[in-house]
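A closer look at the structure
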Amino acid sequence: MRGKKFSLGIMTGVLFLAGTATLGTHAATFKMPSMRESSTVVANIALKPQSTSQLTDYAYDTVDPTSPYFHQYLTPDQVATKFGRSSGDINNFTTYLAKYHLKSAVYPGNLALKVWGTRANLLKAFNAKRVTNGKTYRTKVTLPAKLSDQIISVIGVYSKKPKTTKKASVTPSLPKNPTGPNTDLSKNAFSKRYGALKFADHYQLNNLYNKGLTGKGQRIGIIQLSDFKTSDVLKYWNQSGVNDDASRINKIYPIESAKTGNFMLSLGVSGAQIESTLDVNQSGAVAPDANIDAYIGISLDNVTSSTSAYYTTFMQAISDNRDQQLTTSFGPNVELNSKWEENSSSSMQDYSDAFNIMLEQAAVQGITVFRASGDYGPREEPSKSLNHVFSTSPYQVMTGGTSLPYTKIVNGKLITVNKERAWGNTYTNPKTKPSIYPGSGGGFSLLNPTPRYQIGVSGVNTFRAIDLLKYTKDGYLIQKNPQIIFGTGSGRNLPDVSANADNMTGYATYVSGNNLSYNPKTKIITNHPSKTWMVNGGTSFVAPQMAGANAVMNSGRKTPVGFWNPQIYKFATESDSPFTVLDDADNNNDLYYTGQPGKLYNQATGLGTINFDKLYGKFESEK
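My aim in this report is to walk through the structure given alongside it, one point at a time. (Residues numbered from 1 in each chain as written. Predicted model: local features only at pLDDT ≥ 70, side-chain atom pairs only at ≥ 80, totals over all residues. Heavy atoms only, no water.)

**Focus on the pattern of salt bridges**
- Tallying each qualifying case throughout the model produces 13 salt bridges.
- For R219, the salt bridge identified is with D293, shortest N-O distance 2.8 Å. In this pair, R219 is assigned in strand β11 (residues 219-224) and D293 in strand β13 (residues 291-296), connecting sequence segments 74 residues apart.
- Here D293 falls in the buried class, since its relative accessible area comes to 0%. (Salt bridge = Lys/Arg side-chain N within 4 Å of Asp/Glu carboxyl O. Helix = DSSP H or I, 4+ residues; strand = E, 2+ residues; numbered from the N terminus. Buried < 20%, exposed > 50% of the residue type's maximum accessible area, 1.4 Å probe, protein only.)

Shown next as structure tokens:
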């Protein structure tokens, strides 16, 4: 499931362990619904701050107890005054764009513009030309010099419309394995085995619950590229004994409306729908009294590209400034060694730079951002070289995955994990043919340099690895005599922290909808209405769980904890560290990176797992 490409974008994985599907009493012939797509394209202009270095310094100062700006978080209006473009600059852009019948609006903070109109008018306004380097095509955009000098990146202008699937997928997407979570358990027992209490008990968040901290008064923002059914989330929360008041969930549509979201859901249950559902499930269950703002960036038939939809959705969440914690498990291909989005108007580096500025705005506003690190180790798509999918911005917490201890018979083989370790699964899959193996994402950024908070931390920019997998065109083969490799790296190291993500020790999810199948002989689409419980794994569970835990901590504070990373890397070097370092040589994700004995950091699990009771104490000690 992990890594499947949708016209909406790419999600960090939902790895199926098992599911129980309750089908309708009978299958029915399904008439494919139709809906006119919008002709409005949304693009974005990421703007240069007045001073990039000063913006960066202020982000760090907000979490430095020795700084006079410690916890002096800014509103978006203050960001605009201190770091954003002037109103005169913004007016110059809007006046120019209006000449081409394009509408525009500045995001609060004055660090980006949202632009929308017809594709033809966008091409004229940006003087878009299709160019090639002989291998791939790009869209070159040109604006008057006085405007272009203020721009980091133009996102979402395509000289040729982005490719998309014209017909809805009708491949059944629900798991067929008959074993699912035991829903006959009491609500408390269910949560301890499959849900939030499993996370809370293992990582000492329950100690904060016992102190009365439950996320009350907090809002969690979730960046999503698919809609979900509120009723599915409420059923999950109810099964887990969590506050299932529908008013906790607020849906926001920055691109197209709820009508589009409902239409896309009617086309059949997709991995993207499951991802969006579990993001809300997990964050809202871990913080049972917090409210959820689901920012849903969808565009029918990819009229607005996934890169632009994603940036728009993230930028609106940050500039709305409603949520003190944001989380995402979606994203466009940002750091693959292979080609960037074909025909894009933004290079990989420009897009990454735009994201860094956007996330620095989040940091100076006191917003903590969490992102899943990915589910295929250091290779997010089959390749000889190492690569990453998602933006590895240093202004977000990259969450990796572990396996909890377990003993199970899998495919006729007894598997035993004696203690928590990096998540990587080569031992339960066949080894005689090329396969794709899941495991915690980690490694070195291709685009972002090593951030200042990682410099000097033992284990950063060094690594220990096992060259277990051999690349073939059909996947990977496990090598009989793998070599141990020691080396150095450069760039932003990831992940930062980790928690359970193994589907063998995973979490429950519930989803309902149309499960469609297609008979090519009769050309008939058949619908099996389904209500499905499943057990999943993936780092996409960890990111929303961490956001929920952050909301729990923030609910006991007068000011939010803000930009985690400079703080947690400092805490890791102190006595009574809140982290359990997984530095054993056998702490490997089976795919490449291992622990580094005696080091505080490794690219398999980052700083390790978190004791949230201790972490909260560390944050509190710096008031």
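Next comes the rest of the write-up.
**Focus: the sheet that holds strand β6 (residues 103-106)**
- The antiparallel open sheet is built from 4 strands, whose spatial order is β6-β7-β5-β10. Both outer strands of the open sheet, β6 and β10 (151-155), are each paired with one neighbouring strand and no more. Between one strand and the next, the sheet's axes are offset by a mean angle of 20°, whatever the strand orientation.
- Sheet analysis places strand β5 (residues 41-47) next to β10, joined by 4 bridges and oriented antiparallel. In the sheet register, A46 faces β10, and the bridge partner there is S153.
- Together, β5, β7 (112-117) and β10 form the strand contacts of helix α12 (residues 306-320), whose direction differs from that of β5 by roughly 60°. (Pairing = 2+ DSSP bridges. Axes fitted to C-alpha atoms, helices over the stretch in contact; angles between N-to-C directions. Contact = heavy atoms within 4.5 Å.)

**As for the environment of S385**
- With respect to the helices and strands, the residue S385 is situated in the loop between β16 (368-372) and β17 (397-403).
- We classify S385 as partly exposed; its relative accessible area is 30%.

**Quick look at the packing of helix α11 (residues 271-286) against helix α14 (residues 539-554)**
- In contact at an axis separation of 7 Å, α11 and α14 are set at 30° when each is read in the N-to-C sense. Classified by the angle between their axes, α11 and α14 sit roughly parallel to one another. Between α11 and α14 lies a crossing of right-handed hand. Where α11 approaches α14, its residues E275, L278, D279, Q282, S283 and V286 are matched on the opposing element by S540, F541, P544, Q545, G548, A549 and V552.
- Split by residue class, the contact of α11 with α14 holds 6 nonpolar, 5 polar and 2 charged. (Parallel < 35°, antiparallel > 145°, perpendicular 65-115°, else oblique. Left-handed = near helix turned anticlockwise from the far one by under 90°. Nonpolar A, V, L, I, M, F, W, Y, C, P; charged D, E, K, R; others polar.)

**Here's the deal with the packing of aromatic side chains**
- Tallied over the full model, the rule gives 30 aromatic pairs.
- Judged by centre distance (6.1 Å) and plane angle (65°), the ring pair of F444 and F463 falls under edge-to-face. Remark: F463 occurs in strand β22 (residues 462-466) and F444 occurs in strand β21 (residues 443-444); sequence separation between them is 19 residues.
- Here the aromatic rings of Y507 and F541 are separated by 5.6 Å at their centres, their planes lie at 25°, and the arrangement is stacked. With Y507 in strand β28 (residues 507-519) and F541 in helix α14, this residue pair connects regions lying 34 residues apart in the sequence.
- Members of the aromatic cluster, connected to one another through ring pairs, are Y60, Y395, Y453, F563, Y569 and Y601.
- Here the guanidinium or amino end of K114 rests over the ring plane of W116, the centre of that ring lying 5.9 Å away. (Phe/Tyr/Trp six-rings, centres within 6.5 Å; stacked < 30°, edge-to-face > 60°. Lys NZ or Arg CZ within 6 Å of the ring centre and 35° of its normal.)

Everything listed here is a matter of geometry and, on its own, says nothing about what the molecule does.
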